[in-house]
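Residues per chain, in single letters:
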Amino acid sequence: MRRTMRRNAGAKGVVLLAIGCAAALLLALFYRASASEPPDVGGAAIAEVNGDIVAAAELARFASAARASVIDKFMREYGAEIDGGFWSREFRGESPRERLLAAAFEEAVRMKVELQLARERGIVADVSYDALLREMAKENERRAAALARGEPIYGPARFEESAFVEFYRSKTAARLRAALAETELLPSEERLRAYYEEAGAALFPAEDRIRYERFSVDYGREALRSEARKREARRAASALETRLASGERAEEAAKAVDGARFEGEHSLDESSASRMFKSEHALYSALRSGADAEATTAVVDDPAEGRYTVVRIVGREAAKAPRFEEVREQVEMSFLEKAYEDYVDASVRSARVVKLVDFDTLRIEGTE
C-alpha cells in the first residue's frame, strides 16, 4: 500500500514538474514575444487601404524591387558609400532606409488601389496578397502541366514571386484599362482630336529636313597622324567656318583655305536620320542642335576618318505631322494609357490609408 502511494506520489511529482517546465517555457515565449524587439516583416498586417489589409510581405516585395534604385539615387546625389551604416545614415534629413520604405509603401498602396478598382468591376475577387500568391501557384501548375503535354508556353517555366507580382499586376491593369475604356474613360471624337492637337508632336515626332553644305579638312588616319598636323587642320577648319559664317560662297571659301574640300549639298531628313544617327552621331547632333539654336555652322572632329567635317546649314523645312485619321488608333491608345494613369492617381489620392504599425520598427532584409 505504501509502495503504491509512493509510486503515485512520484508520478504526481513528474507531472507537476512537467507542468512547471511547460509553464516556464510559455512564460519565456510570452516574454520574448512581448519584448521590444522590432518585428520581422512577414505576413502581418501593416496598413489598411480603404479597409483592405496591406501585408508586410507586400511591403517587403516592393522594398526589394526598389532597393537598387534607392542605392543609385544616394550614390549619385550624395556620393554615399555602401557600407554597414549606409541604410541608417542621414543625407539632408533623410536616410536611404526611410526613402526605401516610402517608395515601397507608395507602390504597395497603388497596387492595392488598382486591385480594388478591378474588384469593383468583377475582374478579381480577392485583393489580398495571399490571393495573389495563390494565383501564382495556379499559374505555375498550369505551366507545368502545359510543358508536360509538350505545349508551348510564353515566359518562364515557373514564376518566382518577384516576377509574378509584376505579371499579375500588368495583366490585371490591362483588363481594368479595357473595362474603363468602355465606361468612365471612353473619349469622344472631339476629345481625341483635341488630345492629338495638344500632344501630336510628342506622339509622332518627325525629323525636319535640314539642307546643309559639307566640307572636310583631312589630318590623316592614325598611321599618318601627328599632333602638329591635327592642330594645323583645326586652324584651317576654324578659318573655313569663319568664311562660311560671313556668307562667302561654298566653292570660294573652300579654295581660299588650304586643305579644305567642298563635298556638295546634303540633306538630313527622315530617310537619312537613322543612318547618320548611328554612323555619324556627332555630325547628326551638331546639325540638329545648330538648327534648333539658329546656328548655321559647326566643326566636327571625326578621328576614325582622320578629318574635321565643317557644315553650313542653308535651309530647313518643317516636317509634316500625319493626319489625325491616319493615326487615330495610336492616338486613342495613347489617350487611354494616360487617362488610365490619371484615373488611378486620383483614386490613390482619395484612398483612405491607415498605417497599423510604426514602420521604423520593421525589420527589412538587407537594410539593418
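In this text the structure is predicted, and so the values were computed from the model without any measurement.

1. Remarks on the confidence of the model for the protein
Phase 1: This prediction gives the protein a mean pLDDT of 85; 86% of its residues lie at or above 70.
Phase 2: Note that pLDDT drops below 50 for residues 1-42; the model gives that stretch 15 contacts with residues more than four away or on any other chain.

2. Examining empty space enclosed by the protein
Rolling a probe over the atoms, with the probe sized like a water molecule, indicates the empty space that remains.
Phase 1: The final tally for this structure, using the stated rule, is one cavity of 30 Å³ or more.
Phase 2: The computed volume of the largest cavity comes to approximately 50 Å³.
Phase 3: Forming the boundary of the largest cavity are Met 111, Glu 114, Leu 115, Arg 169, Thr 172, Ala 173, Leu 176 and Tyr 340.
Phase 4: Of all the elements in the fold, those that place two or more residues in the lining of the largest cavity are α3 (96-120) and α5 (161-181).
Phase 5: Per-element accounting of the lining of the largest cavity gives the leading share, four residues, to α5.
Phase 6: Looking at the lining of the largest cavity, its residues break down into five nonpolar, one polar and two charged.

3. Observations concerning the nonpolar core
Phase 1: Ranked by internal contacts, the top residues of the largest apolar core, which has 60 residues, are Ile 46, Leu 59, Leu 100, Leu 132, Val 331, Tyr 340 and Phe 359.
Phase 2: Listed by contribution, the elements that provide at least two residues to this core are β1 (45-49), β2 (52-55), α2 (56-78), α3, α4 (129-148), α5, α6 (189-203) and α11 (328-349).
Phase 3: Here this core gets eleven residues from one element, more than from any other, and that element is α3.
Phase 4: Discounting chain neighbours no more than four positions away, the residues touching Leu 59 are Ile 46, Leu 101, Ala 104, Phe 105, Phe 359, Leu 362 and Ile 364.
Phase 5: Of all hydrophobic cores here, the second largest spans 15 residues; its members include Val 217, Ala 253, Ala 254 and Val 310.

4. Concerning the sheet that holds β1
Phase 1: A sheet is described by the order of its strands in space; here three strands give the open sequence β2-β1-β7, paired in antiparallel fashion. Two strands bound the open sheet, and with one partner strand each, they are β2 and β7 (353-355). Direction aside, the axes of adjacent strands within the sheet are offset by 30° on average.
Phase 2: With four bridges joining them, β1 and β2 adopt antiparallel strand pairing. Within β2, the residue paired with Val 49 across the bridge is Asp 52.
Phase 3: In the packing of α3 onto the sheet, contacts are made with β1, β2 and β7, and the angle to β2 comes to roughly 145°.

5. Points about the pattern of salt bridges
Phase 1: Enumeration over the complete set of coordinates arrives at 38 salt bridges.
Phase 2: Here Glu 161 ties to Arg 61 by a salt bridge, and the two come within 3.7 Å at their closest N and O atoms. With Glu 161 in helix α5 and Arg 61 in helix α2, this residue pair connects regions lying 100 residues apart in the sequence.
Phase 3: Between Asp 126 and Arg 134 there is a salt bridge, with its nearest N and O atoms 3.3 Å apart.

Procedures and definitions
Residues numbered from 1 in each chain as written. Predicted model: local features only at pLDDT ≥ 70, side-chain atom pairs only at ≥ 80, totals over all residues. Heavy atoms only, no water. pLDDT = per-residue confidence, 0-100. Contact = heavy atoms within 4.5 Å. 1 Å grid on protein atoms, 1.4 Å probe; cavity = no way out; pocket = protein on both sides within 12 Å on 5 of 7 lines; lining within 4 Å. Points joined across faces, edges and corners; volume = space filled by probe spheres on them. Helix = DSSP H or I, 4+ residues; strand = E, 2+ residues; numbered from the N terminus. Nonpolar A, V, L, I, M, F, W, Y, C, P; charged D, E, K, R; others polar. Core = buried A, V, L, I, M, F, W, Y, C linked by side-chain atoms within 4.5 Å. Buried < 20%, exposed > 50% of the residue type's maximum accessible area, 1.4 Å probe, protein only. Pairing = 2+ DSSP bridges. Axes fitted to C-alpha atoms, helices over the stretch in contact; angles between N-to-C directions. Salt bridge = Lys/Arg side-chain N within 4 Å of Asp/Glu carboxyl O.

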